[in-house]
Amino acid sequence: MAGYSTPYVLLQFPELGEDVSVLIRNPQLLAPAEVTPKDVPLDERGQPLDQQEAQNAMYEVFARVIVAWKVYDGSAAAPELTEDADPVALYESLNASPDAQPRLGPITIDNIARMPLRIINRIGEELGRVADPQ
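This structure is a prediction, so every number in the text was calculated from the model and none was measured.

1. Side note on the sheet that holds strand β3 (residues 66-70)
Part 1 of the argument: Pairing in this open sheet of 3 strands is antiparallel, and the strands run β1-β2-β3 from one edge to the other. Each of the sheet's edge strands pairs with one partner strand only, and the pair in question is β1 (8-12) and β3. Taken pair by pair, the neighbouring strands of this sheet meet at an average axis angle of 10 degrees, ignoring direction.
Part 2 of the argument: Pairing between strand β2 (residues 21-25) and β3: 4 bridges, direction antiparallel. By the bridge assignment for β3, Val22 is matched with Trp69.
Part 3 of the argument: On top of the sheet, helix α2 (residues 51-65) reaches β2 and β3; it is set at about 90 degrees to β3, its chief contact.

Next up, the structure:
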């Protein structure tokens, strides 16, 4: 068999749901330009002037690396609560139909921004291993 042995990495998240996963291109096999975010203006301390612009630059890298995903939109609006809302009853009603959560659509910067932080951090870890392969 010619080629690299692991061109893709499957990230699974059983702690988030039964079938939550993201398939990414193996960052260790990509050219530096594929995993390097575009430059954003920095202040005198080296921090981005616009945090949102810096975040979007990283999400652009994620969009280049992600091949496919089964991720749900966790950004659905929270229910309106009253002062006397029963937390237990509310919890049970909100968790009664987990299938009601829609899946995220195409792999775009906007949809990546709506992924759970757990998934974003895990993809970041995979990308970070390229810079520090220990």
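The rest of the description comes next.
2. A short note on the side chain of Asp73
Part 1 of the argument: One can find Asp73 in the loop between β3 and α3 (87-94).
Part 2 of the argument: Residue Asp73 is classed as buried on the basis of its relative accessible area, which comes to 10%.
Part 3 of the argument: At a separation of 2.3 Å, a polar atom in the side chain of Asp73 contacts the side chain of Arg114.
Part 4 of the argument: Residue contacts for Asp73: discarding those within four places in its chain leaves Gln101, Pro102, Arg103, Leu104 and Arg114.

3. Observations concerning the pattern of salt bridges
Part 1 of the argument: Within this structure, the stated rule accounts for 8 salt bridges.
Part 2 of the argument: One salt bridge in this structure joins Glu126 and Arg129, with 2.6 Å as the shortest N-O distance. Of this pair, Glu126 and Arg129 both sit in helix α5 (residues 117-131), 3 residues apart, which is roughly one turn of that helix.
Part 3 of the argument: For Glu126, a relative accessible area of 8% corresponds to the buried category.
Part 4 of the argument: Three or more residues joined by partner-sharing salt bridges are found here, namely Arg122, Glu126 and Arg129.

4. Brief notes about the side chain of Asp43
Part 1 of the argument: Counting through the fold element by element, Asp43 comes out in the loop between α1 (32-35) and α2.
Part 2 of the argument: The class for Asp43 is buried, based on a relative accessible area of 18%.
Part 3 of the argument: A polar contact of 2.9 Å, which involves the side chain of Asp43, links it to the backbone nitrogen of Arg45.

5. Points about the packing of aromatic side chains
Part 1 of the argument: All chains considered together, the criterion is met by 1 aromatic pair.
Part 2 of the argument: Between the aromatic rings of Tyr59 and Phe62, the centroid separation amounts to 6.0 Å while the plane-to-plane angle is 50 degrees, which identifies the pairing as tilted. Within this pair, Tyr59 and its partner Phe62 are both found in helix α2, separated by 3 residues, close to a single helical turn.
Part 3 of the argument: The buried category is assigned to Tyr59, whose relative accessible area is 6%.

6. Remarks on the pairing of β2
Part 1 of the argument: Here β1 runs beside β2; their pairing, made up of 5 bridges, is antiparallel. Bridge pairing links Gln12 to Ser21 in β2.

7. Section: the environment of Met58
Part 1 of the argument: Assignment of secondary structure puts Met58 in helix α2.
Part 2 of the argument: Expressed as a C-alpha distance, the spacing of Met58 and Ile109, which sit 51 residues apart in the sequence, is 9.1 Å.
Part 3 of the argument: For Met58, the contacting residues outside a window of four places in its chain are Pro37 and Leu127.

Rules used throughout
- Residues numbered from 1 in each chain as written.
- Predicted model: local features only at pLDDT ≥ 70, side-chain atom pairs only at ≥ 80, totals over all residues.
- Heavy atoms only, no water.
- Pairing = 2+ DSSP bridges.
- Helix = DSSP H or I, 4+ residues; strand = E, 2+ residues; numbered from the N terminus.
- Axes fitted to C-alpha atoms, helices over the stretch in contact; angles between N-to-C directions.
- Contact = heavy atoms within 4.5 Å.
- Buried < 20%, exposed > 50% of the residue type's maximum accessible area, 1.4 Å probe, protein only.
- Polar contact = N/O pair within 3.5 Å; in protein donor to acceptor, adjacent residues only side chain to side chain.
- Salt bridge = Lys/Arg side-chain N within 4 Å of Asp/Glu carboxyl O.
- Phe/Tyr/Trp six-rings, centres within 6.5 Å; stacked < 30°, edge-to-face > 60°.

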